[in-house]
Amino acid sequence: MEHYNMNLTLKVWRQQNTRTAGRFETYKVSEVSSEMSFLEMIDVLNERLTSEGKEPIAFDHDCREGICGSCAMYINGRPHGPWHANTTCQLHMRAYKDGDTIVVEPWRANAFPVIKDLMVDRSAFDRIVQAGGYISVNTGNAVDANAVAVEKEKADESFANAMCIACGACVAACKNSSAMLFMSAKVAHLSLLPQGAPERNTRVVNMVAQMDKEGFGSCTFQGACESVCPKEIKITSIARLHGEYLSAGLTSNK
Amino acid sequence: MKWSEFFTSSVGKKFVMGFTGLFLISFLVIHVGLNACIWANDNGVMFNKAAHFMGSMVVIRIMEVGLLAGIFLHAIQGLVLTAQNYKRRSVGYAVPMGNTGSPWYSRWMGLLGTLILLFLILHWYNFWIPSRFTGVEEVFIDNKPYDNLYGLMLLTFSNWWVVIVYVLGCISLAYHLMQGFHAAFKSLGFHNRKYLVVIRNVGNVFSIVVSGAFAMMPISMKLGWVS
Amino acid sequence: MLNSKIPPGALENKWNDYKGHVKLVNPSNKRNIEIIIVGTGLAGASAASSLGELGYKVKAFCFQDSPRRAHSIAAQGGINAAKNYQNDGDSVFRLFYDTVKGGDYRAREANVHRLAEVSVSIIDQCVAQGVPFAREYGGLLSNRSFGGTQVQRTFYAAGQTGQQLLIGAYQSLERQVALGNVEMYARHEMLDIVKIDGKARGIIARNLVTGKLERHFGHAVLLCSGGYGNVFYLSTNALGSNVTASWKAHKQGALFGNPCFTQIHPTCIPVSGDHQSKLTLMSESLRNDGRIWVPLKPNDTRKAADIPEDERDYYLERRYPAFGNLVPRDVASRAAKERCDAGYGVGNSKQAVYLDFASSIQRYGQAEVSKRGLSNIDHAGVMALGEEVVKEKYGNLFDMYQKITGENPYETAMRIYPAVHYTMGGLWVDYELMTTVPGLYALGEANFSDHGANRLGASALMQGLADGYFVIPYTVGNYLADQLAVKSIPVDHPAFLQAEKEVSDRINRLMSIQGKQTAESFHKRLGKIMWNKCGMARSEEGLKEAIEEIRALKKEFWSDLRIPGIVEEMNPELDKANRVADFIELGELMCIDALDRNESCGGHFREESQTEEGEAKRDDQDFAYVSAWEFKGEHNWELHKEPLEFEVAKPSQRSYK
Ligand SMILES: Cc1cc2nc3c(=O)[nH]c(=O)nc-3n(C[C@H](O)[C@H](O)[C@H](O)COP(=O)(O)OP(=O)(O)OC[C@H]3O[C@@H](n4cnc5c(N)ncnc54)[C@H](O)[C@@H]3O)c2cc1C
Ligand code: HEM
Ligand code: FES
């Protein structure tokens, strides 16, 4: 790959904490290498701010290889920036050219209040999982791993859904701030496996109830979520969730 | 799970939307089929007869009530959902996503639906109220009296602005259905990817053909393609 | 002073006997016992859920915004277990033996054997939780092989095994949260251990959102806080991984075992420039199919594809014909360094070797051709078929490589170089996983226990889950059974107040330096010292220099650091500074340990101790012990030695030739 350097203008959302109002700040960053990752570019800016005694831009990040789901930036009108099936930390500066202006915003959804700058509170996701996103099996209860064969196609589909990293880009992209893609990935992951069958009905019902309580919207099947999902979870999982929910709701005796 | 829980959950509400939506679609099929009789070019004989036949069937009269209820349920639920969903994000983005992740009409279902509703009000005022309540001029076919709905159409569509409003209504419907058709299946839990591709294509064709056919009716009349 | 509490009896009976005789806590008493768990990676999440299930009152802490984001999520390749589903000769004994040998005979036999025994249950448990491991068409589980073994015992979920295992454990944890057995404290950082009457009784934690310090009581404290590879600044670890929890425990009296044992992973994406914030691993599983080579001619600037077969040096296959590309990590890393130092490196920096899939792609392609009964397929067609197979196996890793480098690894050979990856060293623990502070335990990568001087691939996940699911639920009861009389100690006890004050004083000291340099810049400098002098090759001279340099760096840190912002708010710079301060102190100890160990073993390569062929030379006569360091004061540690006795796996010079 050819490498080059560039000068950029960044407009970044700065907000002291949940209680205060925020605003955009403009920063010039120069000599950015095309080999840097997007977060490394922010690191460089932050180093500069810190040594000037200013507070650096706060953002969540950890693994920096697209798997922990921490990083969350809405970049120029797209969660995780311009690349397909990508996380912010995997975005590299060769996606930009000299003179570009980049606007960086936090995930926006009432269910994800801003904690500081680009950092938001996604604990609602954990509470949705608490509502039923698991298989109830205490340690020591398991039978031999090969006792139950699982159809490969189903196992693969289950895995494709289990790849969700809970970054919240689906919520950020959705006009309704719906958490359906996230939740449906969990429901599909577990209900496609024979182990997940016994709790199938209660799981989906309780998770949906929790999602509603957290203040996420409902799904209108527009597909914005699917288009930004770093792990390419499919919107058909949401349709599957609807099916699971209907059969749970319409067949229950109470 | 209690009914109340079911229907107040976000998925339950979408179930109502999808169910009523598909019900309305099925009505559209009948409606477009019936109205297409105007193109028989027999001075409305076939059309008036067909309309009469429908109007005199008890089943259809019962379904009409269901239809009205369906439309209102669909419209109210749809607007409520749109409003609720809108409130989920109090602070918006400085740079909106626009059409990069979804087609514009999928995000404007509430607006498209409202346009359809406005159109429907006009539509009822033009046809349904006269036919059910205030009465329509009669015409004799084979010595039997029939409501001359055909004549009413000719009269109504002699007006340019009515034609334009109807065409706009049909365009709204087309876009509403391009998103609505496949979404309704998904809302009802249909998730087989292979079939969903088919549904999507059928939906697009359906939306354009049906809405197009409706739109051609006032145009045909205004331009005198049928007489 | 060191009592490893290894149960008596034959090796294969020790764990069973232990379980049969260990003290138990009855269910009604469990409800009154509180346990603090720091960390929610594989070790922490599995421990928290298992102990919650048993009925203990658990409080779990992590610094990420959700327990599911712990660094374990990043593990790629797989997890070992002695299931012998492949019928290829695997057994508990063989897994035990491979691990001890792979660890270059610096691990405790009893622990490793227990690990091999419980490995089998781990896979069962994970499958029951819904972990979607890869399967064959018949619906049964699939296996691959990893370095240092000759059987296929690694279970995997594409290149995301850690993610899938952690999600399984996380879901179990969240279930316990929902049931009220576990209280979860995310975005909290433990900053000290509280000791009362010599026993660990709680922690001081900083709420990272409000900046407030909190005091939490526990009858026992479990540290599951992961490894400290980030002492090198650049490593494959997540950016937040740190040593703070372990280091605080160390300063409170827990001995630190084998701090210098670091694993350098041979296949990582090379450094591209000064801006680099982390290194990305390309899983070891790639060595199943990728062949490693450099040009035969030094300073060859041709593209990989333009170098003909007979001008390539597949140096691992040449030097180690028995294991070939699948030699253990330490061996593969050193071999890469040797080639690059000798001038055969590739790429702009010349600090890289090729990992080439062309021949596998072709082989798989041909297999597909005959499987599908195709004829008249040209070379490109065969390669396309082969690419599909490779994509299914390693697709996400290839994507990752392409995103970072901008190069397509299906077409051009990957460039790779060794990078810091894992720390075998950690808090010294006995057979029960208890540190030298009563009531304080260490699990997972945070302890030193099972991997000796070198960890085999796919064994860390196994160890983390073994510790959390199947070991600690038994061993912690043995201690807690004697603590039933202890009522919950209120957190306004003087010991808590004192500990909180000390933490707060240190934070204020850091904030008040108001110098000019950032925590990040100190971290980078520390990393350079460590990598150059305590990295892949270590010498007496280099280590001595390093110690001096680190001491000087520490002085500079405490006099010229700059942290903006305030204490009682979210302040990521303050958190970073806290961690870097501990890394600096740890760095010094690592060098001291490396200096003490004048032998080469596993990941620890002392230039003074090598064979004529440049292979590592172990010295069992003088160094068959675990180094357990006791903190005595600034720059002052005392070495305790735990002798290692090998009754079953008799040490021999490791050979993979
Ligand atoms: C890129 C990569 C790939 C790997 N691939 C494999 C593989 O294929 N197979 C394999 O066996 N091993 C692999 N490993 C190694 C393995 O992933 C780790 O050793 C293992 O996951 C460690 O788990 P853990 O539970 O001990 O700690 P971690 O998962 O690191 O968890 C540490 C936890 O402690 C918390 N914590 C730390 N400090 C504090 C504090 N002060 N206060 C509060 N909380 C704190 C963190 O929040 C986190 O929850 C890989 C490692 C890396 C880096
Ligand atoms: C002939 C008339 C109509 C037909 C055939 C129709 C059909 C549909 C269909 C099939 C859907 C998809 C449902 C789903 O996503 O599950 C839909 C959605 C919707 N409709 Fe209609 N509709 C009609 C009239 C209206 C009217 C009058 C309104 C409102 C004033 C309306 C508002 C909406 C809204 C807001 C949605 C999206 C709801 C959501 O997904 O949250 N529609 N419609
Ligand atoms: S930092 Fe982990 S996914 Fe981006």
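Residues numbered from 1 in each chain as written. Chains lettered and ligands numbered in written order. Predicted model: local features only at pLDDT ≥ 70, side-chain atom pairs only at ≥ 80, totals over all residues. Heavy atoms only, no water.

Across its full length, chain C holds 17 helices and 19 strands. Computed over its C-alpha atoms, the radius of gyration of chain C comes to 24 Å, within 12% of the 26 Å expected for a compact globule of 657 residues. Dimensions along the principal axes, computed over C-alpha positions, put chain C at roughly 80 × 55 × 50 Å. Relative to its full complement of 657 residues, chain C shows a buried share of 67%. Contacts spanning at least 24 positions in sequence make up 73% of the contacts within chain C whose residues lie at least 6 apart. (Helix = DSSP H or I, 4+ residues; strand = E, 2+ residues; numbered from the N terminus. Rg over C-alpha atoms; globule rule 2.2 N^0.38 Å. Buried < 20%, exposed > 50% of the residue type's maximum accessible area, 1.4 Å probe, protein only. Contact = heavy atoms within 4.5 Å.)

Looking only at helices and strands, one finds eight helices and seven strands in chain A. Oriented by its inertia axes, the alpha-carbon framework of chain A measures out at about 65 × 45 × 35 Å. Out of the 254 residues belonging to chain A, those deemed buried represent 68%. For chain A, the share of sequence-separated contacts (at least 6 apart) that also reach a separation of at least 24 residues comes to 68%.

Take the coordination of the iron atom of ligand 2 next. All names here are of chain B. For the iron atom of ligand 2, the full set of protein donor atoms is His74 (NE2) and His176 (NE2), and the range of their distances to it is 1.9 to 2.0 Å. For the iron atom of ligand 2, the six donor atoms in the first shell make angles of 85 to 180° at the metal, a pattern classed as octahedral. Placement of His74 in helix H4 (residues 58–86) and of His176 in helix H8 (residues 160–187) is noted, with a sequence separation of 102 residues between them. Overall, the relative accessible area of 16% leaves His74 in the buried class. (Donors = N, O, S within 2.8 Å, 3.2 Å for Na, K, Ca; no water. Tetrahedral: all angles 85-135°; square planar, octahedral: opposite > 155°, others 65-115°.)

Glancing now at the sheet that holds strand E6 (residues 188–196) of chain C. Residue and element names in this part refer to chain C. As summarised here, the arrangement of the three strands in space is E6-E7-E8, forming an open sheet in which the pairing is antiparallel. Since the sheet does not close on itself, it has two edges, and those belong to E6 and strand E8 (213–217), each with one partner. Strand after strand, the sheet turns through a mean of 25° between neighbouring axes, direction not considered. With five bridges joining them, strand E7 (residues 199–207) and E8 adopt antiparallel strand pairing. Within E8, the position partnered with Ile204 by the bridge is Arg215. (Pairing = 2+ DSSP bridges. Axes fitted to C-alpha atoms, helices over the stretch in contact; angles between N-to-C directions.)

Another point: the interface of chain A and chain B. How big an interface is tends to be reported as the loss of accessible area on association of its parts. In this complex, chain A contributes 52 residues to the contact, which on the side of chain B involves 41 residues. Approximately 3,700 Å² of surface area, both sides summed, lies buried where chain A meets chain B, with 58% of it carried by carbon and sulfur atoms. Inspection of the chain A/chain B interface yields one salt bridge. In this structure, A:Glu157 engages B:Arg193 in a salt bridge whose closest nitrogen and oxygen atoms are separated by 2.7 Å. For the pair chain A and chain B, the interface holds 25 residue pairs in polar contact (both at pLDDT 80 or more). (Buried area = accessible area lost by both parts, 1.4 Å probe. Salt bridge = Lys/Arg side-chain N within 4 Å of Asp/Glu carboxyl O. Polar contact = N/O pair within 3.5 Å; in protein donor to acceptor, adjacent residues only side chain to side chain.)

Moving on, we get to the arrangement of the chains. For this structure, the chain pair with the highest number of contacts among two pairs of chains in contact is chains A and C. Structurally, chain B and chain C remain out of contact, their C-alpha atoms never closer than 20 Å.

Attention now moves to the sheet that holds strand E15 (residues 414–423) of chain C. Pairing is antiparallel in the open sheet, where five strands are placed in the order E11-E15-E14-E12-E13 (chain C). A single partner strand is all that each edge strand has here, and the edge strands are strand E11 (262–268) and strand E13 (312–313) of chain C.

Turning to the site of ligand 2, a few remarks are in order. The environment of ligand 2 is made up of 25 residues, and the closest members are A:Thr220, B:Lys14, B:His74, B:His176 and B:Ser187. Taken together, the residues near ligand 2 originate from chains A and B. A distance of 3.3 Å separates an oxygen atom of ligand 2 from a polar atom in the backbone of B:Gly18. At 2.6 Å from an oxygen atom of ligand 2 is found a side-chain nitrogen or oxygen belonging to B:Ser187. Going through the elements one at a time, helix H2 (10–35), H4, helix H6 (109–134) and H8 of chain B are the ones with two or more residues in the shell around ligand 2. (Near = heavy atom within 4 Å.)

This part covers the site of ligand 1. Residue and element names in this part refer to chain C. Close to ligand 1 lie 39 residues; Gln64, Ser72, Met190, Glu445 and Leu461 are nearest. At 3.0 Å from an oxygen atom of ligand 1 is found a main-chain nitrogen or oxygen belonging to Ala43. Within the backbone of Gly77, one N or O atom sits 2.8 Å away from an oxygen atom of ligand 1. With the chains in place, 98% of the 1,000 Å² that ligand 1 exposes on its own is no longer accessible. Broken down by secondary-structure element, the contributors of at least two residues to the shell around ligand 1 are helix H3 (42–54), E6, E15 and helix H12 (460–480). Ranked by residue count, the leading element in the shell around ligand 1 is E6, at three residues. (Areas by Shrake-Rupley, 256 points an atom, 1.4 Å probe, with all protein chains shown as cover.)

A few words on the packing of aromatic side chains. All names here are of chain A. Going through the model one piece at a time under the given rule, you end up with 54 aromatic pairs over all chains. Measuring from centroid to centroid gives 5.6 Å for Phe112 and Phe216, while their planes differ by 80°, and the two rings are edge-to-face. Remark: Phe216 occurs in the loop between helix H6 (200–214) and helix H7 (224–228) and Phe112 occurs in the loop between strand E5 (101–105) and strand E6 (114–116); sequence separation between them is 104 residues. A relative accessible area of 1% means that Phe112 is categorised as buried. (Phe/Tyr/Trp six-rings, centres within 6.5 Å; stacked < 30°, edge-to-face > 60°.)

The next thing to look at is the interface of chain A and chain C. Between chain A and chain C, the residue contacts involve 78 residues of the former and 79 residues of the latter. When the two sides are added together, the surface that chain A and chain C hide from each other amounts to roughly 6,200 Å², 51% of it contributed by carbon and sulfur. Across the salt bridge formed by A:Arg122 and C:Asp65, the nearest N and O atoms sit 3.2 Å from each other. At the surface where chain A touches chain C, the tally comes to 47 residue pairs in polar contact (both at pLDDT 80 or more). Breaking the side of chain A that touches chain C down by element, the ones donating at least two residues are helix H1 (38–51), E6, strand E7 (119–120), helix H2 (123–130), helix H3 (152–162) and helix H5 (180–191) of chain A.

So, about the domain arrangement of chain C. Residues and elements named next belong to chain C. Examined at the domain level, chain C breaks down into domain 1 (264–419) and domain 2 (499–633). Contacts between the two partners involve ten residues from domain 1, matched on the other side by twelve residues from domain 2. Taking both sides of the interface into account, the surface hidden between domain 1 and domain 2 amounts to around 880 Å²; carbon and sulfur atoms contribute 60%. Of all residues in domain 1, Ile264, Arg334 and Lys337 bury the most surface against domain 2, accounting for 52% of the area lost on that side. Where domain 1 meets domain 2, there are one salt bridge. A salt bridge links Glu615 to Arg319; the shortest N-O distance between them is 3.0 Å. Summed over the shared surface of domain 1 and domain 2, the number is four residue pairs in polar contact (both at pLDDT 80 or more). Elements supplying a minimum of two residues to the side of domain 1 that touches domain 2: helix H9 (329–341) and E15. When grouped by side-chain class, the residues that make up the side of domain 1 that touches domain 2 number four nonpolar, one polar and five charged. (Domains from an automatic or database assignment. Nonpolar A, V, L, I, M, F, W, Y, C, P; charged D, E, K, R; others polar.)

Residue and element names in this part refer to chain A. Summarising burial for E5: four of the five residues are buried, a large majority. Sheet topology places strand E1 (residues 5–14) next to E5; four bridges connect them, and they run parallel. Its bridge partner lying in E5, Lys11 is registered against Val103.

Next up on the list: the domain arrangement of chain A. Residue and element names in this part refer to chain A. Entries for chain A in the domain assignment read domain 1 (5–115) and domain 2 (123–251). Inter-centroid distance (C-alpha atoms) of domain 1 to domain 2 is 29 Å. The partner domain 2 presents 20 residues to the 18 residues of domain 1 that form the contact. Summed over both sides, the interface of domain 1 with domain 2 buries roughly 1,400 Å², with 61% coming from carbon and sulfur. Contact with domain 2 buries area across many residues of domain 1, yet Pro79, Ala111 and Phe112 alone supply 31% of it, more than any other trio. Counting across the domain 1 and domain 2 interface gives zero salt bridges. Our enumeration of links across domain 1 and domain 2 arrives at five residue pairs in polar contact (both at pLDDT 80 or more). A breakdown of the residues in the side of domain 1 that touches domain 2 according to their chemical character gives ten nonpolar, six polar and two charged.

Let us look at the pairing of strand E2 (residues 57–61) of chain C. Residue and element names in this part refer to chain C. In terms of burial, E2 is largely enclosed, as four of its five residues are buried. Here strand E1 (residues 34–38) pairs with E2 via five bridges, running parallel. Along E2, the bridge assignment pairs Ile37 with Ala60. Bridge analysis of E2 against strand E5 (residues 182–185) gives four bridges, and the strand direction is parallel. Paired with Phe61 across the strands is Tyr185, a residue of E5.

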